[in-house]
Amino acid sequence: MSRFTKQWLAAALAACGLMAAAPAMAGKTLDGIKSRGQLVCGVHTGLPGFSAADSNGKWGGLDVDVCRAVAAAVLGDPEKVKYVPLTAQQRFTALQSGEIDLLSRNTTLTLTRDASLGLHGTVVTYYDGQGFIVHKKSNIKNPKQFKNQTVCVQSGTTTEKNLTDYSKANNLNIKTVVFEKEEAATAAYFAGRCISYTTDASGLASIRNKGATTPADHVILSELVSKEPLGPMVRRGDDEWFAIVKWVIYGLIEAEEYDITQAAVDQLKTSSQDPVVKRILGTGEDTGKLLGLDKDWMARALKATGHYGEIFERNVGPKSALGLPRGINNQWNKGGLMYAIPIR
Amino acid sequence: MATRSPPSKSPWSWRSRAFRGLVYQLVAFAVIALVIWFLASNTLHNMRVRGIQSGFDFLSQSAGFSIGESLFAFDSAESYWRAFLVGIVNTLRVAVAGIFLATVLGTLVGVGRFSRNALVRGLCAAYVECFRNVPVLLHLLMWYLVLTEMLPSIQDAWKFGPFFLSKGGVNFPVPIWQAGQAWAAGGVVAGVVLAWLYRRWALKRFEATGIAASMFWAPVAIVIAAGLLGWLAGGAPTLVDSPVKGEFAVENGGALTPEFLALLIGLTTYTASFIAEVVRSGIASVPAGQSEAAAALGLDRGLDIRLVMMPQALRVVIPPMTNQYLNLTKNSSLAVAIGYPDVVSIANTAMNQTGRAVECIAIVMAVYLTLSLLTSAFMNWYNARVAIKER
């Protein structure tokens, strides 16, 4: 069976799930995870740096680390995660039908997705913007030079619509070639079918490393044409579960502000007198109880993945293969947008 | 049983076979209706509970995405149903062209398998075996790879006269519509009518006197001549929109994208291999004596195939041919894999923009069902026409 048929089959099965599943799901996500002993996390099929399986089948990346931190907080073990790789079209149906508990798959949070899909965006884990990659020899420096050009794009993304908006606003008459799968779209770009491929700038860096024979032959244009705040999503109707995911991510961000590194968790637990650190690590007030978890929830998450800054550096930061600058994803007090609502 | 009178004559009773049959049918119908109602209402209920919006109202909203190729102008501000229309027309475009080309190619290959030339026979057999035994998706990916990897980039497109061939596809000149072209079009229409009248006259004369007139070339000549006369009468307009090479693209003129070409070539060559087998089975079903009788009457091989073999073979060929036409149309849905904006691709995008997965899949299913039913209705009509008339 081809992957194409599989995808449609999966979509059809998900639709059947919608038809047949019992309606009462609200408030049950955490119970389900606990009785199953496993968090089911929807991730990208392969976007190195965000979510990709290595040669041993072990998943890693920024989005995957969010899953690991949540699993550590609720189950006590970051390994107890089942990863479900999803295409752009499958992702929302998979979450709606209850096939996955958490969608952590470089998904842009927008009003339409929040309000009409029966889903909730949680917290932004990566502030991104839509960019363009071009062949160096085309000598294009700015997307405004794309007049009457053909641009490859993947369907099922916000990208497709942004591209049209941009083309219209600048009167460029850009022609699109829309592929169902990212692999097909990037292959067509690398073969020279399109002058450019467009997606989130972080994704472009990943694709350039993965798909190009000589990455240096391709340039990512500096002009970004949209805001793409990426973050995990959960189903509507389960406020407790929504709160847990939200606060684990805020915890990861706030831990960076207070410099609670992965290596220092155990030591800080006994030595730190800072009330904020004590609250985060569960040695002060019991913040876990309010969320329906135990005292050590955040300490376990931090031990599993480290704080947000460490997750960033390890997976996508300047020293990683992707080499993305920290930029607007830095802490608020260092000129970035990462501003965690306080844990108190 | 054999001795009993037919049921229509027996008096009606609660225990009659006819009544029981009716009850079973009603029960079966009710069960099916109930299952459908249950699935539909449960889906709607679940979607409401989870806050998923549903309904077909989104079709009148502005689509907001552009479509790479379309037979008529489509702007992203236009509604979703217009976008779906573009997709349906794109599906039809490749299906109609594919059915036509696959029939021509398949028939040639099928007839070629009866050739007296061993090389032709072998080539045709090899074609059939190679093409029908590989999944069609691989055909499409292969052709797309060939077109996008092997061809030169747009900047150094190959030029054949006014034609350009590159990774951007084929660019060709198209005549610009002027008032004078209406005369040419009128001439062609008049030519078709004239050719039809000529054929009727020639057939009548042949039946009456036995004098055979050209039944193919003469009508074709009539149509061409009438069109040419019309064109001259319209002042012989010669303005042509020729493609020119721009900085990054070949501009103006008509264009066929590599997506369309790969899909058309892939579907055509794949389906033609099945059609060739259908044609072969049809010809093989005609007894050899027919051909020998034709030869005895002095018909040459070409006339034998056209007048004796084919009309009889067609009766066997038409029903399985319908299947192949339906398969080709349905296989065109694989276009999403190579980026051709057919109805499935449009539905994919619409599904993502609006989140109406159930509705979009329902639309796609309805489109394919309608196309398939129309195709088979036409083929059934044609089949009834060529079937043996028993009098």
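Here is what the cut-offs are and how they apply
Residues numbered from 1 in each chain as written. Chains lettered and ligands numbered in written order. Predicted model: local features only at pLDDT ≥ 70, side-chain atom pairs only at ≥ 80, totals over all residues. Heavy atoms only, no water. Helix = DSSP H or I, 4+ residues; strand = E, 2+ residues; numbered from the N terminus. Rg over C-alpha atoms; globule rule 2.2 N^0.38 Å. Buried < 20%, exposed > 50% of the residue type's maximum accessible area, 1.4 Å probe, protein only. Contact = heavy atoms within 4.5 Å. Areas by Shrake-Rupley, 256 points an atom, 1.4 Å probe, with all protein chains shown as cover. Lys, Arg positive; Asp, Glu negative; His and termini not counted. Charge placed at Lys NZ, Arg CZ, Asp CG, Glu CD. Salt bridge = Lys/Arg side-chain N within 4 Å of Asp/Glu carboxyl O. 1 Å grid on protein atoms, 1.4 Å probe; cavity = no way out; pocket = protein on both sides within 12 Å on 5 of 7 lines; lining within 4 Å. Points joined across faces, edges and corners; volume = space filled by probe spheres on them. Nonpolar A, V, L, I, M, F, W, Y, C, P; charged D, E, K, R; others polar. Domains from an automatic or database assignment. Buried area = accessible area lost by both parts, 1.4 Å probe. Polar contact = N/O pair within 3.5 Å; in protein donor to acceptor, adjacent residues only side chain to side chain. Phe/Tyr/Trp six-rings, centres within 6.5 Å; stacked < 30°, edge-to-face > 60°. Lys NZ or Arg CZ within 6 Å of the ring centre and 35° of its normal. Pairing = 2+ DSSP bridges.

Caption draft 1: Summary view of the overall build of chain B. A tally of regular secondary structure across chain B gives 11 helices and 8 strands. The C-alpha atoms of chain B give 28 Å as radius of gyration, which overshoots the globular expectation for 391 residues (21 Å, by more than 25%). On the principal axes, the C-alpha backbone points of chain B span a range of 75 × 65 × 45 Å. Buried residues in chain B amount to 40% of all 391 residues. If you take every contact in chain B between residues at least 6 apart in sequence, the share linking residues at least 24 apart comes to 67%. About 21800 Å² of surface is accessible on chain B, with carbon and sulfur atoms providing 70% of the total.

Caption draft 2: Seen up close, the overall build of chain A. When its secondary structure is counted, chain A shows 14 helices and 13 strands. In terms of C-alpha radius of gyration, chain A reaches 21 Å, essentially the compact-globule figure of 20 Å for 344 residues. C-alpha atoms of chain A, sized along the principal axes, occupy 60 × 50 × 40 Å. Looking at the 344 residues of chain A, the share that counts as buried comes to 58%. Intrachain contacts of chain A at a sequence separation of at least 6 include 72% that bridge at least 24 residues. Put simply, chain A shows about 13500 Å² of open surface, and 54% of that area lies on carbon and sulfur atoms. Side chains of chain A give 40 positive and 34 negative charges; the mean places of these two sets differ by 5 Å.

Caption draft 3: View of the pattern of salt bridges. Residues and elements named next belong to chain A. The tally for this structure, following the rule as stated, stands at 20 salt bridges over all chains. Salt-bridge contacts for D101 lead to R36; the nearest nitrogen and oxygen are separated by 2.9 Å. One end of the pair, D101, is in the loop between α4 (90-96) and β5 (102-103); the other, R36, is in helix α2 (residues 29-36), with 65 residues separating them in the sequence. Using a relative accessible area of 41% as the deciding quantity, one classes R36 as partly exposed.

Caption draft 4: Region of the structure containing the environment of Q324(B). All names here are of chain B. By secondary structure assignment, the location of Q324 is in helix α9 (residues 301-331). Each C-alpha atom, one on Q324 and one on W196, is 30 Å from the other, the two residues being 128 residues apart in sequence. What Q324 contacts, discounting residues up to four positions off in sequence, is T271, F274, I275 and V278.

Caption draft 5: Up close: unusual backbone geometry. All names here are of chain A. With a phi close to 60°, N148 is a non-glycine residue in the positive phi region. Relative to the helices and strands, N148 is located in the loop between β7 (126-135) and β8 (150-154). On the basis of relative accessibility, which here comes to 23%, the residue N148 falls in the partly exposed class.

Caption draft 6: Quick look at empty space enclosed by the protein. Tallied over the entire structure, the rule returns 6 cavities of 30 Å³ or more. If you go around the largest cavity, you meet 18 residues; those closest to its centre are R91(A), N106(A), T157(A), T199(A) and D200(A). Within the residue set of the lining of the largest cavity, elements represented by two or more residues are α6 (158-169), β10 (196-200) and α8 (201-211) of chain A. Taken together, the residues of the lining of the largest cavity sort by class into 2 nonpolar, 10 polar and 6 charged. When residues of the lining of the largest cavity are sorted by domain, at least three fall in each of domain 1 (3-125 + 231-260 + 306-334) and domain 2 (129-227) of chain A. A volume near 100 Å³ is recorded for the second largest cavity. Taken together, A88(A), Q89(A), F92(A), T93(A), Q96(A), L117(A), N348(B), M351(B), N352(B), G355(B) and A357(B) form the lining of the second largest cavity. If you list the elements that add at least two residues to the lining of the second largest cavity, you get α4 of chain A together with α10 (343-354) of chain B.

Caption draft 7: Quick peek at the interface of chain A and chain B. Across the boundary between the two partners, chain A contributes 50 residues, which contact 45 residues of chain B. For the pair chain A and chain B, the summed buried area comes to about 3900 Å², and 54% of that belongs to carbon and sulfur atoms. In this assembly, chain A and chain B are joined by 2 salt bridges. Two residues, K168(A) and D75(B), come together in a salt bridge whose shortest N-O distance is 2.6 Å. At the junction of chain A with chain B, the criterion picks out 7 residue pairs in polar contact (both at pLDDT 80 or more). Put simply, the parts of the chain that give the side of chain A that touches chain B at least two residues each are α1 (3-20), α4, α5 (111-116), α6, β9 (175-179) and α7 (182-191) of chain A. A total of 6 residues in the side of chain A that touches chain B trace back to one element, the largest contributor, which is α6(A).

Caption draft 8: Up close: the packing of aromatic side chains. In the structure shown here, the tally under the stated rule is 18 aromatic pairs over all chains. Ring plane angle 90° and centroid distance 5.1 Å describe the contact between W14(B) and F19(B), whose orientation is recorded as edge-to-face. The exposure class of W14(B) is exposed, given its relative accessible area of 62%. On the accessibility criterion, F19(B) (23% relative accessible area) is partly exposed. An aromatic cluster of three or more residues is present, and its members are F50(A), Y126(A), Y308(A) and F312(A). The positively charged end of R326(A) is found above the aromatic ring belonging to F312(A), 5.0 Å away from the centroid.

Caption draft 9: Representation of the domain arrangement of chain A in the model. All names here are of chain A. Along its sequence, chain A is organised into domain 1 (3-125 + 231-260 + 306-334) and domain 2 (129-227). Its C-alpha centre places domain 1 at a distance of 26 Å from the equivalent point of domain 2. Every contact between the two is made by 19 residues of domain 1 and, on the other side, 16 residues of domain 2. For the domain 1 and domain 2 pair, buried surface summed over both sides reaches about 1400 Å², with 45% attributable to carbon and sulfur atoms. Area buried by domain 1 at its contact with domain 2 is led by L47, Q89 and L322, which between them contribute 27% of it.

Caption draft 10: Fine view of the side chain of E359(B). Residue and element names in this part refer to chain B. Within the secondary structure, E359 sits in helix α11 (residues 357-386). Although buried, E359 forms no salt bridge, and the nearest oppositely charged side chain, R356, lies 5.3 Å from it. The residues touching E359, leaving out its near neighbours within four places in the chain, are M47, S54, G55, F56 and F58.

Caption draft 11: Molecular detail of the domain arrangement of chain B. The domains assigned to chain B are domain 1 (80-173 + 249-386) and domain 2 (177-238). Taking only C-alpha atoms into account, the centre of domain 1 of chain B sits 29 Å from that of domain 2 of chain B.

Caption draft 12: Local environment of the pairing of strand β1 (residues 39-44) of chain A. Residues and elements named next belong to chain A. Of all 6 residues making up β1, 6 are buried, and the element is well covered by its neighbours. Bridge count between β1 and strand β4 (residues 81-86): 6 bridges; the pairing is parallel. Paired with C41 across the bridge in β4 is Y83. Two elements, β1 and β5, share 2 bridges in a ladder whose sense is parallel. Within β5, the position partnered with C41 by the bridge is L102.

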